[in-house]
Amino acid sequence: MDTVYLDNNATTRVAPEVRAVMEPFFGDLYGNPSSMHTFGGKIRKYVDKARAQVAGLLGADPGEIVFTSCGSESNNAAIRGTVDAIGMRKRHIITSRVEHPAVLEPCRYLEKEGYRATELPVDREGLFDLGLLKRAITDDTAMVSIMWANNETGVLFPIREIAEIVKAKGVVFHCDAVQAAGKIPLDMREVPVDLLSISGHKLHAPKGIGALYIRKGTKLVPFLKGGHQEGGKRAGTENVPYIAGLGRACELAGENLVEENTRVKELRDQLEEGLLLSCHGVRRNGSAEHRLPNTSNLSFDFVEGEAILLLLDRLGICASSGSACTSGSLEPSHVMRAMGVPFTAAHGSIRFSLSRYNTREEIDYVLEHMPRVITRLRKISPYCAEGSPARASRG
Ligand code: PLP
């Protein structure tokens, strides 16, 4: 078997249908959508079409979609743009301890400018406490930024309830939906979110394109200044091929959202249940119930995540330890720490994240090899009683 790609929360394969719609923009359709001539106007229609496709996935109005370069830009634009629009009248921001760095870092940066950031904790299952949120909001709160789905564990937050609480206090609410979009239904008509971030490369569009949903009437100072593009909300000549690709990817994701993700969930459950049964000393990190259909985060006692990844890699299996952004560092991820996962378990944590392109054969392949990988690593583990007696007895 070639590559078994189970790292789809890091990035996804570009769908062939998406590549097909992008192609012509590298050839004859090279015009600038802001140009006054007919050639430019023709290109503008493709941008409009993509905007409607993205809006379709989110239950939004096309006029509420602004294209960006990635999820990180969408998050930065939402946070910086909101506090700049409100000014220093309100100086408090609320977020959670398990957000992606593209939310945590902009909030922490604002603290250097005189803002105060509250990072709400989560429980041992990674779940959100609505009571803590209610108590954290004050008259000084400018905005709340909470993610829909966690990238490491897949744990889902109750965004509708969060949005209702925040809006009842008249506070701006931003949601990082980068991992949720395309995996679960999102409907802006039902959920009173003001701002919502998505990223193309997490849903089978290419890297380098994202979008920010801005509910009509929400005040935002543009993050990128210096051009009238995107209704004056984001300067810079539009990345037309990628915008067209994102539009098609959102359309595809929306077409079979429930069916595709039911199938993905079946494969994920088959993988997870198989590993829990065959490997012993395995624990799931994060709620089993309130979770994305594609993600499984497991800790294997007495072995290091990095060592597992290395042996899986030799078998052509791609997974991740912690988030892609934190792997490479030996510190347990901030998400594992926030959930109170014991240090050794956090070190042995592996994230498998599936997509619609995974097959049953691939899952069988992982289930066939994984127990041997774990047994082999435990044999040489200094922490494991089953391991080398000399090393184990050193305590
Ligand atoms: N937010 C979440 C929850 C993510 O998982 C990621 C990427 O991993 C991002 C934001 C950043 O998105 P991008 O890679 O498009 O900048």
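Rules behind the numbers
- Residues numbered from 1 in each chain as written.
- Predicted model: local features only at pLDDT ≥ 70, side-chain atom pairs only at ≥ 80, totals over all residues.
- Heavy atoms only, no water.
- Helix = DSSP H or I, 4+ residues; strand = E, 2+ residues; numbered from the N terminus.
- Buried < 20%, exposed > 50% of the residue type's maximum accessible area, 1.4 Å probe, protein only.
- Contact = heavy atoms within 4.5 Å.
- Areas by Shrake-Rupley, 256 points an atom, 1.4 Å probe, with all protein chains shown as cover.
- Lys, Arg positive; Asp, Glu negative; His and termini not counted.
- Charge placed at Lys NZ, Arg CZ, Asp CG, Glu CD.
- Near = heavy atom within 4 Å.
- Polar contact = N/O pair within 3.5 Å; in protein donor to acceptor, adjacent residues only side chain to side chain.
- Nonpolar A, V, L, I, M, F, W, Y, C, P; charged D, E, K, R; others polar.
- Salt bridge = Lys/Arg side-chain N within 4 Å of Asp/Glu carboxyl O.
- Phe/Tyr/Trp six-rings, centres within 6.5 Å; stacked < 30°, edge-to-face > 60°.
- Pairing = 2+ DSSP bridges.
- Axes fitted to C-alpha atoms, helices over the stretch in contact; angles between N-to-C directions.
- pLDDT = per-residue confidence, 0-100.

**Re the overall build of the protein**
Reasoning step 1: Looking only at helices and strands, one finds 13 helices and 12 strands in the protein.
Reasoning step 2: Taken along its principal axes, the extent of the C-alpha atoms in the protein is 75 × 55 × 30 Å.
Reasoning step 3: Burial analysis of the protein (395 residues in total) assigns 56% to the buried set.
Reasoning step 4: Relative to all contacts within the protein whose residues are 6 or more apart in sequence, the contacts with residues 24 or more apart total 74%.
Reasoning step 5: For the protein, the accessible area works out to roughly 17,200 Å², and carbon and sulfur atoms hold 53% of it.
Reasoning step 6: Averaged over its 49 positive side-chain charges, the protein has a centre that lies 3 Å from the centre of its 48 negative ones.

**A closer look at the site of the ligand**
Reasoning step 1: Around the ligand, the structure places 13 residues, and the nearest of them are Gly-71, Ser-72, Asp-176, Ser-199 and Lys-202.
Reasoning step 2: A distance of 2.8 Å separates an oxygen atom of the ligand from a polar backbone atom of Gly-71.
Reasoning step 3: Within the side chain of Ser-199, one N or O atom sits 2.6 Å away from an oxygen atom of the ligand.
Reasoning step 4: Burial of the ligand by the protein amounts to 91% of the accessible area it has alone, namely 390 Å².
Reasoning step 5: Here the shell around the ligand takes 3 residues from helix α3 (residues 71-86), the largest share from any one element.
Reasoning step 6: Looking at the shell around the ligand residue by residue, the class counts come to 3 nonpolar, 8 polar and 2 charged.

**Some details on the environment of Ser-355**
Reasoning step 1: Within the secondary structure, Ser-355 is located in the loop between β12 (349-353) and α12 (360-379).
Reasoning step 2: Sequence separation between Ser-355 and Pro-241 is 114 residues, and the spatial gap between their C-alpha atoms is 23 Å.
Reasoning step 3: With residues near it in sequence (within four places) discarded, Ser-355 still touches Asn-8, His-204, Arg-263 and Val-264.

**A short note on the pattern of salt bridges**
Reasoning step 1: In the structure shown here, the tally under the stated rule is 17 salt bridges.
Reasoning step 2: The salt bridge partner of Glu-251 is Arg-248, with a shortest N-O separation of 2.6 Å. Linking Glu-251 with Arg-248, this pair stays in helix α7 (residues 240-255), spanning 3 residues, or about one helical turn.
Reasoning step 3: Residue class for Glu-251 comes out partly exposed when judged on its relative accessible area of 30%.
Reasoning step 4: Between Glu-368 and Arg-372 there is a salt bridge, with its nearest N and O atoms 4.0 Å apart. Of the two residues, Glu-368 and Arg-372 both sit in helix α12, 4 residues apart, roughly one turn of that helix.
Reasoning step 5: Among the residues examined, Arg-372 registers a relative accessible area of 54% and is labelled exposed.
Reasoning step 6: Connected through shared salt-bridge partners, Arg-80, Asp-84 and Glu-113 make up one network.

**Some remarks on the packing of aromatic side chains**
Reasoning step 1: One pass over the full model with this rule turns up 3 aromatic pairs.
Reasoning step 2: Consider the rings of Phe-25 and Tyr-46, whose centres lie 5.1 Å apart with planes at 85 degrees: the pair is edge-to-face. Here Tyr-46 lies in helix α2 (residues 38-58) and Phe-25 lies in the loop between α1 (16-22) and α2, a separation of 21 residues in the sequence.
Reasoning step 3: For Tyr-46, a relative accessible area of 34% gives the class partly exposed.

**Quick notes on the sheet that holds strand β4 (residues 116-120)**
Reasoning step 1: Ordered in space as β2-β8-β7-β6-β5-β3-β4, the 7 strands form an open sheet in which the pairing is mixed. Each edge of the open sheet carries a strand with a single partner, namely β2 (65-68) and β4. Between one strand axis and the next, the sheet turns by 20 degrees as a mean value, whatever way the strands run.
Reasoning step 2: Bridging between β2 and strand β8 (residues 210-214) involves 4 bridges; their strand directions are antiparallel. Each bridged residue has a counterpart across the sheet, and for Val-66 the counterpart in β8 is Leu-212.
Reasoning step 3: Here α2 sits on the sheet in contact with β2, β7 (195-199) and β8, set at roughly 110 degrees to β2.
Reasoning step 4: Strand contacts of α3: β2, β3 (92-96), β5 (141-147), β6 (172-176), β7 and β8, with the helix running at about 160 degrees to β7, the strand carrying the most contacts.

**Examining the confidence of the model for the protein**
Reasoning step 1: In this model, the protein carries a mean pLDDT of 94, and residues with pLDDT of at least 70 account for 95%.
Reasoning step 2: Within the model, the stretch residues 323-327 combines pLDDT values under 50 with 9 contacts to residues more than four positions away or in other chains.
Reasoning step 3: In this model residues 387-395 is a low-confidence stretch, pLDDT under 50, and it forms 9 contacts with partners more than four residues away in sequence or in other chains.

**What to know about the environment of Ser-74**
Reasoning step 1: Take Ser-74: it is sitting in helix α3.
Reasoning step 2: For Ser-74, a relative accessible area of 0% translates into the label buried.
Reasoning step 3: The sequence separation of Ser-74 and Asp-61 amounts to 13 residues, and the corresponding C-alpha distance is 18 Å.
Reasoning step 4: With near-sequence residues (within four places) excluded, Ser-74 lies in contact with Thr-68, Ser-197, Ile-198, Gly-210, Ala-211 and Leu-212.

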